[in-house]
Amino acid sequence: MGTDGTTIAALMSDPRSRDSNKPACQVCELPLPELEPDSALLRVEFSEVCGTDVHLRNGLLSGVPYPIIPGHVSCGLLEKVRGTVRDVEGRTFVEGDRVTFLDVHRTCHACWQCLVAHATTRCPDRKVYGITYGIDDGLTGGWAGHIYLKPGTRVISLDGVPSETYMAGGCSLTTALHAVDRADSASGDTVLVLGSGPVGLSAIALATLRGARRVLCIGAPDARLSTATAMGADGVVNFTEVTESDRATWVMDHTGGRGADVTIECTGVPAAVTQAMRYTRDAGRVVIVGQSTDHGETSFNPHLDLNKKHLEMRGCWGSDYSHFHRSVDILRVPGVAARWSAIKPDRYPLSRVDEALDLVANGKVIKALIIPQP
Ligand SMILES: [Zn+2]
Ligand SMILES: [Zn+2]
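All of these numbers come straight from a predicted model, not from anything done at the bench. (Residues numbered from 1 in each chain as written. Chains lettered and ligands numbered in written order. Predicted model: local features only at pLDDT ≥ 70, side-chain atom pairs only at ≥ 80, totals over all residues. Heavy atoms only, no water.)

**Student:** Just checking my understanding: could you explain the environment of E45 for this structure?
**Tutor:** Looking at where E45 falls in the secondary structure, it is placed in strand β3 (residues 39–49). Looking at E45, the relative accessible area reads 30%, which means it is partly exposed. The spacing of E45 and H146 is 101 residues in sequence and 9.0 Å in space, taken between C-alpha atoms. At a separation of 2.7 Å, a polar atom in the side chain of E45 contacts the side chain of S163. (Helix = DSSP H or I, 4+ residues; strand = E, 2+ residues; numbered from the N terminus. Buried < 20%, exposed > 50% of the residue type's maximum accessible area, 1.4 Å probe, protein only. Polar contact = N/O pair within 3.5 Å; in protein donor to acceptor, adjacent residues only side chain to side chain.)

**Student:** Is there a simple way to explain the sheet that holds strand β14 (residues 280–288) in this structure?
**Tutor:** What links the strands of a sheet is backbone hydrogen bonding, and the strands pair in either a parallel or an antiparallel sense. Here we have 6 strands laid out as an open sheet, ordered β12-β11-β10-β13-β14-β15, and parallel in their pairing. Looking at which strands have only one partner, the edges of the open sheet turn out to be β12 (235–238) and β15 (312–315). Across the sheet, the axes of successive neighbouring strands diverge by a mean angle of 15°, strand direction being ignored. For strand β13 (residues 260–265) and β14, the ladder comprises 5 bridges, and the chain directions are parallel. Looking at the pairing, I264 lines up with V287 of β14. Seen against the sheet, helix α7 (residues 271–278) touches β10 (190–194), β13, β14 and β15 and runs at an angle of roughly 150° to β14. (Pairing = 2+ DSSP bridges. Axes fitted to C-alpha atoms, helices over the stretch in contact; angles between N-to-C directions. Contact = heavy atoms within 4.5 Å.)

**Student:** Is there a simple way to think about the side chain of S196 in this case?
**Tutor:** Within the secondary structure layout, S196 lies in the loop between β10 and α4 (198–209). Among the residues examined, S196 registers a relative accessible area of 2% and is labelled buried. Engagement of the side chain of S196 in a polar contact is seen with the backbone nitrogen of A220, the distance being 3.0 Å. Those residues in contact with S196, other than ones at most four positions away along the chain, are L201, C217, G219, A220, R224 and L225.

**Student:** What's the story with the pattern of salt bridges in this structure? I'm lost.
**Tutor:** It is possible for side chains of opposite charge to pair when their charged atoms get near one another. The tally for this structure, following the rule as stated, stands at 14 salt bridges. Between R91 and D87 there is a salt bridge, and its shortest N-O distance comes to 3.0 Å. When its relative accessible area of 13% is taken as the criterion, D87 is described as buried. For the salt bridge of R281 with D261, the shortest nitrogen-to-oxygen distance reads 2.5 Å. Of this pair, R281 sits in strand β14 while D261 sits in strand β13, placing them 20 residues apart in sequence. For D261, a relative accessible area of 15% gives the class buried. One salt-bridge network, in which partners are shared between bridges, spans D87, E89 and R91. (Salt bridge = Lys/Arg side-chain N within 4 Å of Asp/Glu carboxyl O.)

As structure tokens, this is what we get:
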């Protein structure tokens, strides 16, 4: 932070107007906002780089008002509070509190999606810090010294949860929690997780917490699969080293020849959706959470892969307040939080966000955190 009421931020330009020889993000100095009543200023301790940020850089998400400050899940200290900011249990936040917040703002709870479909993550009014809020909306992303927490932002205390443990899970923990809720695995189930990125890793740990008899993971590279094992996977396969039919055989060998009871797809590769169906048992359940941007179509056999198998398919979009709230609560249990300590995030200053984006895009790091304070 500057001494004159300014802060620094990494600003991501519009991919359509970008000079490909220049980095996607530029560090700049921006003024701190005047706080509206019942708002706050967060001094950012950690933000992160996730797959969504790679999609942002590549222009693959709709409704993004570039230029933006990316970084949708972050934590830090409340540096300034104007008026009253309370948590969902009515406790008042004070300056100095260490917090995170729901990155989704302005879910209306008044539209058809919210009230009839009960699909608040599909509310057309919602705005997401670091994704669909841009610089014109103020300091609204975590790749900055400060974030302006607008009135109505849902703030959550991190009391009892180390910031690094929380951010080791970060947005992938909330996403995985939603997916594992949707998967609704029973105690004793064999759960197959496709993908060993941050969402897959958190899904593995969460599936074990639900009492899975066995959690299997097909992913890559080996460093991520070692972390998958540390987070509770009982068996892992590197898909780059095994043919698709051998992967199917491996799953059948571990499931009495039937297939997984529940499969959670966390890959982002369309073909993995069909594989998820084929690796799952009759009357099992498949949750698709990895297809967060449009990578094209895939084909399956409706008779063999779906109808005859009596299979249940569920999509999973975004996270709501409950997933953030419960993510923090899960990490308040020390023995449980230890699972996420297996993820050793790499740290990057604002001046290296483009490098961090490259490493995340290539799967070279398991988790990349942004540390914006100089
Ligand atoms: Zn994310
Ligand atoms: Zn709504």
